[in-house]
Amino acid sequence: INPSTYTWWKNKYVNGSSAVPTLAKINEAITKASDGPDAPTLCVTDKFLKSYVLVSLLQANERYTKGTSEHMSDLPVIYDIPIVVDAALESSDDTGGYMYFLDENSYYLTVHSMDDLKRWPQVRPTNQFAFATDWTWEGAVVCNNRRRQSVIYSLIN
């Protein structure tokens, strides 16, 4: 499916306007990518944005929710979506400015039909009485529902 032809198939973008993340922006990103039970189930961001969300957005509402001690016992959660940190999203020890909202049910692992635990010929080293063989496996992670993914970009850079 060509996303340039079928615009409804594109993943959703929310402009953070070079500002701090707000609950309204996070809710907008989740809502744009949701359709009934098909909704983002995971938030992936860098450690700076995660700490900002936890301290600035959630701590103020702490008295209305479970509280910090219970809240931090598992993964941090915002709108019932766990927040996972990935250091690869940081840029030079600073925030990359992105919060990704992913629907884990849209991802699956596919195996290459010609390289599924392929066994290569045995090789015998000249100075040993043993044989060695190589096994190879090839696969890919595939997303089959791009419109259930969203990103907030241009957050505090």
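Residues numbered from 1 in each chain as written. Predicted model: local features only at pLDDT ≥ 70, side-chain atom pairs only at ≥ 80, totals over all residues. Heavy atoms only, no water.

A. A look at the overall build of the chain. From N to C terminus, the chain includes three helices and 10 strands. Put simply, the chain runs from its N terminus to its C terminus through helices and strands in the order β-α-β-α-α-β-β-β-β-β-β-β-β. Scored against the burial criterion, the 157 residues of the chain give a buried share of 27%. Of the contacts made within the chain by residues no fewer than 6 positions apart, 75% connect residues no fewer than 24 positions apart. For the chain, the exposed area adds up to about 10,200 Å²; of that, 53% sits on carbon and sulfur atoms. (Helix = DSSP H or I, 4+ residues; strand = E, 2+ residues; numbered from the N terminus. Buried < 20%, exposed > 50% of the residue type's maximum accessible area, 1.4 Å probe, protein only. Contact = heavy atoms within 4.5 Å. Areas by Shrake-Rupley, 256 points an atom, 1.4 Å probe, with all protein chains shown as cover.)

B. Examining the pairing of strand S5 (residues 99-102) more closely. The side-chain alternation of S5 yields one buried face, formed by Met99 and Phe101, and one unburied face, formed by Tyr100 and Leu102. The pairing of strand S2 (residues 42-45) with S5 spans four bridges and is classified as antiparallel. From the neighbouring strand, Thr45 faces S5, where its bridge partner is Met99. Inspection of the sheet shows S5 paired to strand S10 (residues 150-155) by three bridges, in the antiparallel sense. Residue pairing in the sheet places Tyr100 in a bridge with Val151 of S10. (Pairing = 2+ DSSP bridges.)

C. Structural context of a nonpolar patch on the surface. On the surface, Tyr107, Leu109, Val111, Leu117, Trp135, Trp137 and Val141 cluster together into a nonpolar patch covering about 740 Å² of accessible area. Here the nonpolar patch gets three residues from one element, more than from any other, and that element is strand S6 (residues 107-111). Here Leu117 lies in the loop between S6 and strand S7 (118-119). With a relative accessible area of 53%, Leu117 lands in the exposed category. (Patch = residues over 30% accessible without salt bridge, like charges linked within 9 Å, V, L, I, M, F, W, Y side chains within 5 Å. Salt bridge = Lys/Arg side-chain N within 4 Å of Asp/Glu carboxyl O.)

D. Quick peek at helix H1 (residues 23-32). For H1, the full list of buried residues reads Ile26, Ala29 and Ile30. Axial view of H1: buried residues confined to an arc of 95 degrees, hence all on one face. (Arc of directions from axis to C-beta.)

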